[in-house]
Amino acid sequence: MATEKMEIKVQAFESLDSTNNYLKKLASEGAAEGTVVIADAQTSGRGRMGRSFASAPGCGIYMSMLLRPENCGVDCAASLTAVAAVAVCRAIEKVCGRAPGIKWINDLYLRGKKICGILCESSVKDGRVDYAVLGIGLNVTTKTGEFPAELRETAGSLYTQTGFVFERGKLIAAIIAELSSLYSVWLEGPSVCHAEYKRRCIVLGRQITVSSPDGEFEAVAENISADYGLVLRMPDGERRTVHSGEVKLTGF
């Protein structure tokens, strides 16, 4: 039986440097699980590997949710990121009628453009996760010319990819509902969304370039492991699983 859904408490701001940064501060001060921070704009939005995340005022959803999973090891970040990715995909499908794909491990794509990034940051005590902050940045109404010049070839929004303007409030409510629901089931078994994540993953079966701590190399993405690693087939036929790094697909 799934755990009862957590109580959601939302704090909304006109602008923050980063919703993740602010929520991590609240978490360190004892904020309760289910605390959600939303900003209309971010001045220093962040993505994975120290990258910035463009966060134009009024154009996207910039939000973070605080989770305090009990008895969770330090390796849970990947599965929580996967839970968030699937939850946002479901929310977009419900509100917008479109089905984004997931580019391993944390980016959502629609019609060839990145529309969303997810950043999971955790604090560890005594080998266990004390808290995890799930940050979600979704481009909703951003126009192509409003992205930084270096992102215009790769970044998109729900508006640029569909031609429609969707209400951010409805999307926020749907994301919170889907994420809290999936998380409550995830607590019973981290593999809860593995099959759906794999089905939505756009890199499988594709020739990709991987940039990892071991360097850059080409391979075919074959599978998603039980712990959400990317299973690769190397040019010599060897199988290798990576758990961190970036992938680039031909045509993206």
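Structural data are supplied above this passage.
Residues numbered from 1 in each chain as written. Predicted model: local features only at pLDDT ≥ 70, side-chain atom pairs only at ≥ 80, totals over all residues. Heavy atoms only, no water.

Visitor: I'd love a proper account of the sheet that holds strand E5 (residues 107-110), names of residues and values included.
Guide: Two strands in a sheet stick together by hydrogen bonds in their backbones, pointing the same way (parallel) or opposite ways (antiparallel). Here seven strands make up an open sheet; going across it, the order is E1-E2-E3-E7-E6-E5-E4 and the pairing mixed. Edge positions in the sheet fall to strand E1 (9-13) and strand E4 (101-103), since each of these pairs with one other strand and no more. Direction aside, the axes of adjacent strands within the sheet are offset by 20 degrees on average. Against the sheet, helix H2 (residues 77-96) contacts strand E3 (60-67), E4, E5, strand E6 (113-125) and strand E7 (128-139), and its axis sits at roughly 145 degrees relative to E6. (Pairing = 2+ DSSP bridges. Helix = DSSP H or I, 4+ residues; strand = E, 2+ residues; numbered from the N terminus. Axes fitted to C-alpha atoms, helices over the stretch in contact; angles between N-to-C directions. Contact = heavy atoms within 4.5 Å.)

Visitor: Can you explain the sheet that holds strand E9 (residues 215-224)? Please cite residues and give values.
Guide: Overall, antiparallel pairing links the five strands, which are arranged E11-E10-E9-E8-E12 in an open sheet. Strand pairing shows two members of the sheet lacking a second neighbour, strand E11 (239-242) and strand E12 (246-249), which therefore form its edges. Averaged over neighbouring strand pairs, the angle between their axes works out to 45 degrees when direction is ignored. Across four bridges, E9 lies against strand E10 (residues 230-233) in antiparallel orientation. For Ala221, the partnering residue across the bridge sits in E10 and is Leu232.

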